[in-house]
Amino acid sequence: MEFDLTIQPIRSWDAEGQAAFCKVAEEYGEHSNMNRHYPYDDRGLHWRGTEAQYQAMRFPHLPDHQEAIRNAPFMMGAKKVAYERKSETRPDWQEVKVHAMAYVLTRKLGAHDYAERLAATGTRDIIEISMRDAFWGAQPRNGKYVGRNMLGILLMQLRAGARILELPPGTFFPEAPIRPLEDAQLGFGGLDQPTRRFAR
Ligand SMILES: Nc1nc(O)c(N)c(N[C@@H]2O[C@H](COP(=O)(O)O)[C@@H](O)[C@H]2O)n1
């Protein structure tokens, strides 16, 4: 089943009875892209969370930017690193960002127990509550949530079985194979260092 990546119109949801999340430490916070308890590997690289990979996808032409974002210890930090470089974002980002988000959410499904946590939302609507972002989330207004809630929409499609398994080569990440640097070159030992740098 394919994702429908169409940008949805603004609508409202009742505030009660939904799988609504805002902060990562609160109920349903596992669905936030800022949650770093669902790391995964993709394309030979370790990602601490979906926000890092999503933001890295702004810069397929700038692998060093992608590495700086990937190495940020926290997801808000990853977004900050990306925003410091925002002016260099690929020019078609607005057209491809929903595709990018669907891709990283598909990857998150393989992290720890995330698939079970997503399934546990049952038939509830999934809503990211955001005071300022009515594109990915919905804003609280007069007892309702109002917005496009595109993150929630994609998560509900993921729950229903939608997947993006591969990306066209070179569209979001460099085509060149990624070669991990030897530990000796890095100046530290141990294979479990989460912040290993990579050469291309
Ligand atoms: N700045 C910020 N703080 C939060 O607490 C958030 N939940 C978000 N939202 C997330 O930011 C991502 C979208 O980034 P772009 O605006 O497309 O650069 C997405 O993961 C939202 O869920 N932002």
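Quick notes on the rules
Throughout, residues of each chain are indexed from 1 in the direction in which the sequence is written. With the structure being a predicted model, the display of local features is reserved for residues of pLDDT at least 70 and the display and counting of side-chain atom pairs for 80 or more, all residues being used for whole-chain, interface and lining totals. Think of the side-chain values as coming from all heavy atoms in the structure, minus any hydrogens and water. One heavy atom within 4 Å of a molecule or strand makes the whole residue count as near it. In protein, a polar contact requires one atom able to donate a hydrogen and another able to accept it; more generally it is a pair of N or O atoms within 3.5 Å, and residues adjacent in sequence count only if both atoms are side-chain atoms. The method behind every accessible area is Shrake-Rupley, applied with a 1.4 Å probe, and residues are considered shielded solely by the protein chains displayed. Throughout, the protein atoms alone are placed on a 1 Å grid, and a set of points is a cavity if a 1.4 Å probe fits but cannot get out or a pocket if it is open with protein on both sides within 12 Å along at least five of seven lines; lining residues have an atom within 4 Å of a point. Think of it this way: if more than half of a molecule's atoms are within 2 Å of a pocket's grid points, that molecule is in the pocket or cavity. Every helix listed is a DSSP run of H or I at least four residues long, and every strand listed is a run of E at least two residues long, numbered separately from the N terminus. In this classification, Asp, Glu, Lys and Arg are treated as charged, Ala, Val, Leu, Ile, Met, Phe, Trp, Tyr, Cys and Pro as nonpolar, and every other residue, Gly included, as polar. Lines fitted to C-alpha atoms define the axes here, with helix axes fitted over just the stretch in contact, and angles between the N-to-C directions of these axes take values from 0 to 180 degrees. Each angle gets one of four labels, with under 35 degrees taken as roughly parallel, over 145 as roughly antiparallel, 65 to 115 as roughly perpendicular, and the rest as oblique. When the near helix sits turned anticlockwise from the far one by under a right angle, the crossing is termed left-handed; a clockwise turn instead gives a right-handed crossing. Two residues form a contact once any of their heavy atoms are found within 4.5 Å. A simple rule labels every residue: compare its accessible area, found with a 1.4 Å probe on the protein chains alone, to the largest value its type can have, and call it buried under 20%, exposed over 50%, or partly exposed in between. In predicted models, pLDDT denotes the confidence assigned by the predictor to each residue on a 0 to 100 scale.

## Some thoughts on the site of the ligand
Residues in close proximity to the ligand total 14 residues, the closest being E51, Y54, R58, Y83 and E128. At a separation of 2.5 Å, an oxygen atom of the ligand approaches a polar side-chain atom of E51. E128 has a polar side-chain atom sitting 2.7 Å from an oxygen atom of the ligand. Against a free-state accessible area of 510 Å², the protein chains account for coverage of 82% of the ligand. Of the pockets mapped on this structure, the ligand occupies the largest pocket. Elements that contribute at least two residues to the shell around the ligand include exactly α1 (50–56) and α3 (75–84). Grouping the constituent residues of the shell around the ligand by class yields 7 nonpolar, 2 polar and 5 charged.

## Side note on the packing of helix α4 (residues 93–108) against helix α6 (residues 150–159)
At a closest axis distance of 10 Å, the pairing of α4 and α6 adopts a crossing angle of 45 degrees. In this view, α4 runs oblique relative to α6, as classed from their interaxial angle. Like other packed secondary-structure pairs, α4 and α6 cross with a definite hand, here right-handed. Of α6, the residues touching α4 (which contributes V98, M101, A102, L105 and T106) are M150, L151, L154, L155 and L158. Looking at the contact of α4 with α6 residue by residue, the class counts come to 9 nonpolar, 1 polar and no charged.

## A few points about the environment of F74
Turning to its location among the elements, F74 is positioned in the loop between α2 (63–70) and α3. Exposure remark for F74: the relative accessible area of 46% places this residue in the partly exposed category. Placed 23 residues apart in sequence, F74 and E51 show a C-alpha to C-alpha distance of 9.3 Å.

## Section: the confidence of the model for the chain
For the chain, per-residue confidence averages 88 on the pLDDT scale, and 87% of positions sit at 70 or higher. Contacts of residues 177–200 to residues separated by more than four positions or lying in other chains number 38 contacts, the stretch itself having pLDDT below 50.

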